[in-house]
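Structural overview for review
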Amino acid sequence: MPDNSADPPSTGPIDAEILDRTAAHLDRSARFDEVHARPAYAPNAVVADYDLGYFPAGVTRAYLRIRWFETDDFSIHYAEQYQTGNSWECRWDRHPNDHNTRSHFHPPPDAPTPGEDEDYPNDWRDVLATVLDRLDERIEAFWTE
């Protein structure tokens, strides 16, 4: 198939090694009840469900879904689901696209596209630390409002 210059470049294949290392890292954190590395329902991701003890009673689920690619592109999606049926979500992304720079953030409460251009560290551990710090601030805000 010939290259079509109108098509954005691909993120490439999933980086299974980084996903497995990410899952092991998250599994050591008290934040999460369950961490699944490449489960059958999301074989290209790590899915980590937060311990709901960190949240007010109206939150029925809070989770991270992380995809990391061999090109060092990634997508880290965070979502909270509520008893009301509503949700709150955001997404940190680094990938070729036609709506933002390669590195960008889709802000809460509904992670719209286009998002906001943003810079991220190069190393996956630093990216993950940045995301977890921001989510810790979100969770702490439930208890200080």
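One can find the structure itself at the top, above this paragraph.
This write-up is about the structure you can find in this document. Note that the coordinates shown come from a computational prediction; the quantities given were computed from them, not determined experimentally.

Turning our attention to the pattern of salt bridges. Applying the stated rule across the entire model yields nine salt bridges. With a closest N to O distance of 2.8 Å, Arg 125 and Asp 123 form a salt bridge. Taking the relative accessible area as the measure of exposure, Asp 123 reaches 25% and is therefore partly exposed.

Within the open sheet, the seven strands sit side by side as 1-2-3-4-5-6-7. Their pairing is antiparallel. Each edge of the open sheet carries a strand with a single partner, namely strand 1 (32–37) and strand 7 (116–117). Of the strand pairs in this sheet, strand 5 (residues 87–94) and strand 6 (residues 103–106) are connected by four bridges, and their pairing is antiparallel. What sits directly across from Asp 93, in strand 6, is His 104. Packed on one face of the sheet, helix 2 (residues 124–144) meets strand 1, strand 2 (46–50), strand 3 (59–68), strand 4 (74–82), strand 5 and strand 6 and runs near 15 degrees to strand 4.

Counting through the fold element by element, Ala 62 comes out in strand 3. The spatial distance from the C-alpha of Ala 62 to the C-alpha of Arg 102 is 26 Å, given a sequence separation of 40 residues. In contact with Ala 62, other than residues within four places in its own chain, are Ala 48, Asp 49, Tyr 50, Leu 52, Phe 55, Tyr 78, Ala 79 and Glu 80.

Let's shift gears to the pairing of strand 4. The side chains of a regular strand alternate between the sheet's two faces. Most of strand 4 is tucked away: seven of the nine residues are buried. The turn linking strand 3 back onto strand 4 is made up of five residues, and Asp 72 within it adopts a positive phi angle of 70 degrees. Looking at chain direction, strand 4 and strand 5 are connected through eight bridges and run antiparallel. Bridge pairing links Tyr 78 to Cys 90 in strand 5.

Turning to the packing of aromatic side chains, a few remarks are in order. Within this structure, the stated rule accounts for eight aromatic pairs. Measuring from centroid to centroid gives 5.8 Å for Phe 55 and Phe 142, while their planes differ by 65 degrees, and the two rings are edge-to-face. Taken together, the positions of Phe 55 in the loop between strand 2 and strand 3 and Phe 142 in helix 2 put the pair 87 residues apart, joining distant regions of the chain. The pair formed by Phe 55 and Phe 142 is uniform in burial state, with each residue classed as buried. What links up through ring pairs into an aromatic cluster is the set Phe 32, Tyr 50, Phe 55, Tyr 78, Trp 88 and Phe 142. For the cation-ring pair, Arg 138 lies above Trp 88, with the distance from its terminal atom to the ring centre recorded as 3.6 Å.

The rules behind the values
Residues numbered from 1 in each chain as written. Predicted model: local features only at pLDDT ≥ 70, side-chain atom pairs only at ≥ 80, totals over all residues. Heavy atoms only, no water. Salt bridge = Lys/Arg side-chain N within 4 Å of Asp/Glu carboxyl O. Buried < 20%, exposed > 50% of the residue type's maximum accessible area, 1.4 Å probe, protein only. Pairing = 2+ DSSP bridges. Helix = DSSP H or I, 4+ residues; strand = E, 2+ residues; numbered from the N terminus. Contact = heavy atoms within 4.5 Å. Axes fitted to C-alpha atoms, helices over the stretch in contact; angles between N-to-C directions. Phe/Tyr/Trp six-rings, centres within 6.5 Å; stacked < 30°, edge-to-face > 60°. Lys NZ or Arg CZ within 6 Å of the ring centre and 35° of its normal.

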